[in-house]
Amino acid sequence: MSVTEPAEAAGEEVLRTQVGRELLELLDERTTAHPWRLGGQAFPLMVLEAADPGVAAGAYIDALAQAAAAADIPHIVLSPPDAPEGAAGPGDPGAAIPGGTPPEVTLLDSLTKPGAWPGDRPAAGRYRFPRSDLVRSLEEAVRSAAAKNRTQPSSTTPAEEWYDAAVLLPWTRRPLTAPVWWSTVIVLVAAIFGGVAQGVADQTRVGTLLAMCVVLLAAVALAAGLMNRRIWLPVLSRVGFGTRYRWLAASSFFAVQGSRGFGGRLKSQLGHVHQALAAGSPASAESWLQTKTFAFLEDLRARHRRLSPTLRGFKRPAPSVIFLKDITRRNGGVGLLLAMSDVRSRRSELHPLLVVASVDHGHRADIDDLPGARGVQGSLSPRGRYEQWIESLARAQGPSAQVALPWLLRLPIAAGSPTRAAPPALKPRTRPRWTWLWSGRSLLALLAALAVGGSYLHAQLASTHCSVHALFFANTDTQLRTDAAGSRECVGIATKGVRFERDPLSTALGGTSVRPDAAHTAGQITLADLENRIAAENAWVLGTHRPYVTILYVGMMTSADGQESSAVSTIRQLAGAYLAQRGNNRAQAGGGDNPLKIRLLAVNAGQDMAFSKIAADRILAMARRDRTVVGVVGLGRNTAESQKAIRRLNAAGLAVVDPVNSSDTLRALPQFYGLAATDNDEAVVARKALGSRRAGRTLVVYRSPGSEGSDYGAELAEDARRALALGPSSTMLRYDGIDDIGAKVRAACRGSTGDPYALVYFAGRTEDLGGLINALRDGGCADRELTVLGGDEVSRSRFGTGRTDVLLPRSMTVYYTTFTYLPNLLAGGRDTDNPFFVLARNELGIGPADRTALLGDGQMIMAYDSASALARAAENAFGTLDLAAHGVSRAPGSASVTSGAVLLTLPNLSYQGATGLIDFTRDQHVTGGSGRRALTLVKVSGRDLGATPTAVCGQLAGGTPAPGLTPCR
């Protein structure tokens, strides 16, 4: 056969006739673009029969093919050659020629060859015929087996040849030989028994060894199965691996043949092919032709499947068309139409294929002589015959009708005179515009947009959040922010493995910066080390599946570049909170092993608590989604931002237990519980240093709020002015920071030579104290006896001659207030029975030699008591609800102990803590507080700088008298 091009001149002539116009209209109607319901209509096998000897039916085929090409209708034009004498269709006794190929099969194979279809555009996917390729491979297997058996009889079978050629996985092309297989088995078996022997020798658990053996043996069995096509090919064909194999194994077309499964149907089809090619059986040849026709029609239907990955069914809105010129029984055209009609009748499928064939007048008998065929009667037009065919289609398919070719639409073509006007051209069949959104070009454009947009989004996320997973999934509990000094800080809640410090070095408890290491102890323990330990403890809490609550510690864990030392106090507080967590959870650590466990999460508010609003936002967001959050510990730096955050948390109903925040105003909040004395208490106690003397001319030095909005300095300075009853000669000196205090204090000292200052009250930060002392010395204020008073910030400094110590002039005496005075806490051997000191020694390695350096400022022990108080309140709520008696199922994760329950128990909390009596029963929540917090006045003299600071007066928490001291009030 040959693929022919339509003759343009003849096409123009025949389409001018009335019959030509109707045929063109019928072609136009049957090939109208219907992307949504293309598979819901019947397409006939149209045969244009020359009614008169002088009519050239083939010219109509050329004309219609020319119109289809102009309208971009997928089509193919075939002219089957005349078969030699003796050849016949499948219905004749001598249809099958032994060793040859029937013309019907040859004609059908020409439709499934690569590139056979003109206009096969990649936009909708090329026409591929995997089922036809499978059927063709069966023919090749039969021929290959016959050729080998002629050389060496009974050496192979068609099934064996086909299995050798069938390939699904690339590595199965590799030939497999027995020595390789058996050597592999021997190695695996030896490994199994060697592992068993070694495990028994090492006293490994038998269950683990047996599980390993089962897994290895299963792997061996799987490998053996995959290396044998007879095993894996039927299995994969059943589960749908490859459409062509699944089609042969599961199609109902083959089910009626009596064979079952992939292997049975394969052998059945190979038998039909062998009989058709070798034995010359007409029945086998006809069955084989129908199988190939069925494969072709199923492949074509798959090419128009709408729910394919490429949506090719929507991109091919018009059916495919086959134009067959001058079909006869000898050239296979009639036999092909007969096979298509039989397959469609058996399968009842509406394949998207329109066939238009032509029969010349001399070969009309090839169709009339078919068994049961009826001649064309009447003088209906092509459209009328089509409508009549549609009406009788269902009846004609009935087995009792005995009608051959029920899908055949016979259209007699009589001679006619052309009219003047040419028929209108068919509209181009174009794919729906929206399908361009699902195409290769759109995919490339989308990938390019995703690459650019994804890179931009990832860059934005990476610049906004501390942790970004899988390109576009950011941990929203933390954010990256730029502080006033231009440094980037990670702020928020440390969840999902986030670490606040992003550099290799981390700030240690001793104030240095070192690389994190799990073996660090005492002053070498870094912030990163603490975060790792807390994360491990949290994982243990979640892994126990026991009731727990979540406590959030908020502090300044990162700082601007060059100011890392300002974060040391917060890191020590985090260490105290960690000790409280371990003491609550683990009895072996020196704690109580309480039934309600504690999960601790660190929250960073950044340099000078400037990002407290972000921290509060993240805390409230977590509290809304996680009912285990019961309260907050920390926020000890008194700034405008931290006060706003505390007030927001208070309004939301979250308890805040603050270790060292000395604000006068926060005590009035109903959900705020502070363990530190207030600024007013500190100023009043500092007045005791003067005894009965008046203050005289006083210089009050305090830090301005600055960029961090600090309220600590101004508030403490005002409290000191009132407590000391300062006269008009005194000076209120405000400085802006560590770089500003020296110049202003020197200028004040030099301006007071006629009336020198006898007293200096320092209401600044500990990092500014060294600058103050140096300025007092250089400015001349220390040329005579000078007393310096200070608040709790001074207690965080060390006085001496070391590299980081503050050096005092001999004429200067410093008095400062401290919330915790270490000798008082250690008096009477309390370091042996106080749980805090036991935990500090066992968990952090802080022994007697490290206590002064790491515990003297009280930051760690105050945070320990704060976290313990919140944990104790949650434990009391847990006990009050009697949840332990009802089992863990009544309190999954801890959802039964909520922040509201903790708020109810905190006002009734009173217990002996590390710093004294933690008693919230007398808190009146008024400005200034209750005055029952721990506070000690300490003296340091420049004349005896190497000696231990001396306590003047003091009391422990809860108003308990300090050992050997009189109360300061």
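Residues numbered from 1 in each chain as written. Predicted model: local features only at pLDDT ≥ 70, side-chain atom pairs only at ≥ 80, totals over all residues. Heavy atoms only, no water.

**Overview of the overall build of the chain**
Secondary structure summary: the chain contains 32 helices and 26 strands in total. A burial count over the chain gives 53% of its 969 residues as buried. Just so you have it, the chain exposes about 41,900 Å², and 55% of that area is on carbon and sulfur atoms. (Helix = DSSP H or I, 4+ residues; strand = E, 2+ residues; numbered from the N terminus. Buried < 20%, exposed > 50% of the residue type's maximum accessible area, 1.4 Å probe, protein only. Areas by Shrake-Rupley, 256 points an atom, 1.4 Å probe, with all protein chains shown as cover.)

**Some details on the pairing of strand β23 (residues 910-913)**
Here β23 shows a buried face lined by Y911 and G913 and an unburied face lined by S910 and Q912. By the bridge criterion, four bridges tie β23 to strand β24 (residues 916-919) in an arrangement that is antiparallel. Across the sheet, residue S910 finds its bridge partner in β24, namely D919. Between β23 and β24, which pair antiparallel and follow one another directly, the connecting turn spans two residues. (Pairing = 2+ DSSP bridges.)

**Digging into the packing of helix α29 (residues 835-844) against helix α31 (residues 859-880)**
Between α29 and α31, the shortest axis-to-axis distance is 11 Å and the interhelical angle comes to 110°. Here α29 is positioned roughly perpendicular relative to α31, judged by the angle of their axes. With respect to the hand of their crossing, α29 and α31 are arranged in right-handed fashion. Of the residues in α31, those in contact with P835, F836, F837, L839 and L844 of α29 are M860, I861 and Y864. Of the residues that constitute the contact of α29 with α31, the class distribution is eight nonpolar, no polar and no charged. (Axes fitted to C-alpha atoms, helices over the stretch in contact; angles between N-to-C directions. Parallel < 35°, antiparallel > 145°, perpendicular 65-115°, else oblique. Left-handed = near helix turned anticlockwise from the far one by under 90°. Contact = heavy atoms within 4.5 Å. Nonpolar A, V, L, I, M, F, W, Y, C, P; charged D, E, K, R; others polar.)

**Section: the packing of helix α19 (residues 527-544) against helix α20 (residues 568-585)**
Each packed pair of helices is defined by two parameters, the angle between the axes and the distance between the axes. Contact geometry of α19 with α20 gives a least axis separation of 10 Å together with a crossing angle of 25°. Looking at the two axes, α19 sits roughly parallel to α20. Pair α19 / α20 crosses with left-handed handedness. Along its contact with α19, which presents L527, L530, R533, I534, E537, N538, W540 and V541, the element α20 presents I571, L574, A575, Y578, Q581, R582 and N585. Taken together, the residues that form the contact of α19 with α20 break down as nine nonpolar, three polar and three charged.

**Points about the packing of aromatic side chains**
Counting across every chain of the model gives 18 aromatic pairs. On the numbers, 5.3 Å between centres and 65° between planes, the contact of F314 with W434 is edge-to-face. Taken as a pair, F314 in helix α14 (residues 312-315) and W434 in the loop between β6 (408-413) and α18 (440-464) lie far apart in primary sequence, 120 residues in all. Between Y386 and W389, the aromatic rings sit 6.0 Å apart at their centres with planes inclined by 35°, giving tilted as the arrangement. Of the two residues, Y386 and W389 are both situated in helix α17 (residues 382-396); the distance of three residues between them amounts to about one turn of the helix. (Phe/Tyr/Trp six-rings, centres within 6.5 Å; stacked < 30°, edge-to-face > 60°.)

**Looking at the nonpolar core**
V701, Y761, L776 and F799 are the most contacted members of the largest nonpolar core, which totals 129 residues. Tallying contributions element by element places α31 first for this core, with 12 residues. If we skip the residues at most four places from it in the chain, L776 touches V745, C749, V760, C781, A782, L786, V788 and M812. Grouped together as the second largest cluster of nonpolar side chains are 98 residues, L107, L353, I367 and L426 included. (Core = buried A, V, L, I, M, F, W, Y, C linked by side-chain atoms within 4.5 Å.)

**Section: the sheet that holds strand β22 (residues 812-818)**
The strand order across the open sheet formed by seven strands is β19-β18-β20-β21-β22-β25-β26, and the pairing between neighbours is mixed. Sheet topology places β19 (731-735) and β26 (950-955) at the edges, where each strand pairs with a single neighbour. Within the sheet, the average angular offset between the axes of one strand and its neighbour, ignoring direction, is 15°. In this structure, strand β20 (residues 759-763) lies alongside strand β21 (residues 786-790), joined through four bridges in parallel fashion. Bridge assignment links L759 to a residue of β21, and that residue is T787. In the packing of helix α23 (residues 679-686) onto the sheet, contacts are made with β20, β21, β22 and β25 (935-941), and the angle to β25 comes to roughly 50°. On the sheet, helix α25 (residues 741-750) packs against β18 (698-703), β19 and β20 and is oriented at approximately 160° with respect to β19.

**Some points on a nonpolar patch on the surface**
A cluster of nonpolar side chains, L443, L444, L446, L447 and L450, forms an exposed patch at the surface whose accessible area comes to about 490 Å². With respect to the secondary-structure elements, L450 resides in helix α18. (Patch = residues over 30% accessible without salt bridge, like charges linked within 9 Å, V, L, I, M, F, W, Y side chains within 5 Å. Salt bridge = Lys/Arg side-chain N within 4 Å of Asp/Glu carboxyl O.)

**A closer look at the sheet that holds strand β17 (residues 672-674)**
With mixed pairing, the seven strands of this open sheet are ordered in space as β9-β10-β14-β13-β15-β16-β17. Since the sheet does not close on itself, it has two edges, and those belong to β9 (478-482) and β17, each with one partner. Looking at each pair of strands side by side, their axes are set apart by 25° on average, direction ignored. Contacts from α18 reach β9 and β10 (488-493) within the one sheet, and its direction differs from that of β9 by about 80°. Sheet contacts for α31: β13 (548-555), β14 (597-604), β15 (629-634) and β16 (655-658); angle to β15, the most-contacted strand, approximately 165°.

**A look at the state of the cysteines**
Taken as a whole, this structure holds three disulfides when the rule is applied. Each sulfur of the disulfide joining C466 and C490 lies 2.0 Å from the other. Its torsion about the S-S bond being 120°, the disulfide of C466 and C490 is classed as right-handed. Of this pair, C466 sits in the loop between α18 and β7 (468-469) while C490 sits in strand β10, placing them 24 residues apart in sequence. For the pair shown, C466 and C490 are each scored as buried. (Disulfide = S-S within 2.5 Å.)

**A word on α31**
If you check α31, its first and last C-alpha atoms are 32 Å apart, about what 22 residues at 1.5 Å a residue would give, namely 32 Å. Of all 22 residues that make up α31, 18 are buried, and the element is covered over most of its length. (Expected span 1.5 Å × (residues − 1).)

**Here we look at the pattern of salt bridges**
Two side chains bearing opposite charge may form a pair once their charged atoms approach each other closely. Enumeration over the complete set of coordinates arrives at 37 salt bridges. Here R364 makes a salt bridge to E49, at a shortest N to O gap of 3.1 Å. With R364 in the loop between β5 (353-359) and α16 (365-368) and E49 in strand β2 (residues 45-50), this pair connects stretches of sequence that are 315 residues apart. Here D617 and R648 are joined by a salt bridge, their closest N and O atoms 2.5 Å apart. With a gap of 31 residues between them, D617 in helix α21 (residues 612-625) and R648 in helix α22 (residues 640-652) connect regions that are remote in the sequence. Residue classification places R648 among the partly exposed residues on the basis of a relative accessible area of 33%. When salt bridges with common partners are traced through the structure, they connect D608, R637, R703, E767 and D768 into a single cluster.

**Let's talk about unusual backbone geometry**
Unusually for a residue other than glycine, D326 sits at a positive phi of about 55°. Within the secondary structure, D326 sits in the loop between β4 (320-324) and α15 (333-347). Under the relative-accessibility criterion, D326 is labelled partly exposed at 36%. Positioned with a positive phi, A725 is a non-glycine residue whose angle comes to about 50°. Turning to its location among the elements, A725 is positioned in the loop between α24 (712-723) and β19.

**Notes on the pairing of β22**
Buried residues dominate β22, accounting for seven of its seven residues. Bridge analysis of β21 against β22 gives five bridges, and the strand direction is parallel. By the bridge assignment for β22, V788 is matched with V814.

**So, the side chain of D792**
Here D792 lies in the loop between β21 and β22. At 6.1 Å, R796 is the nearest oppositely charged side chain to D792, a buried residue that forms no salt bridge. Side chain to side chain, D792 and Y712 meet in a polar contact 3.4 Å long. Sequence-distant contacts of D792, defined by excluding residues within four places in its chain, comprise S662, E682, Y712, T817 and F819. (Lys, Arg positive; Asp, Glu negative; His and termini not counted. Polar contact = N/O pair within 3.5 Å; in protein donor to acceptor, adjacent residues only side chain to side chain.)

**A look at the environment of A250**
When you line up the elements, A250 lands in helix α10 (residues 243-250). For the pair A250 and R265, spaced 15 residues apart in the sequence, the C-alpha separation amounts to 9.5 Å.

**Quick look at the confidence of the model for the chain**
Confidence in the prediction for the chain averages 83 pLDDT; 85% of positions are at 70 or higher. In this model, residues 83-97 is a region of pLDDT below 50 whose contacts with residues beyond four sequence positions or in other chains number 25 contacts. Low pLDDT, under 50, characterises residues 888-894; the stretch is placed with 16 contacts to residues that sit more than four places away or in other chains. (pLDDT = per-residue confidence, 0-100.)

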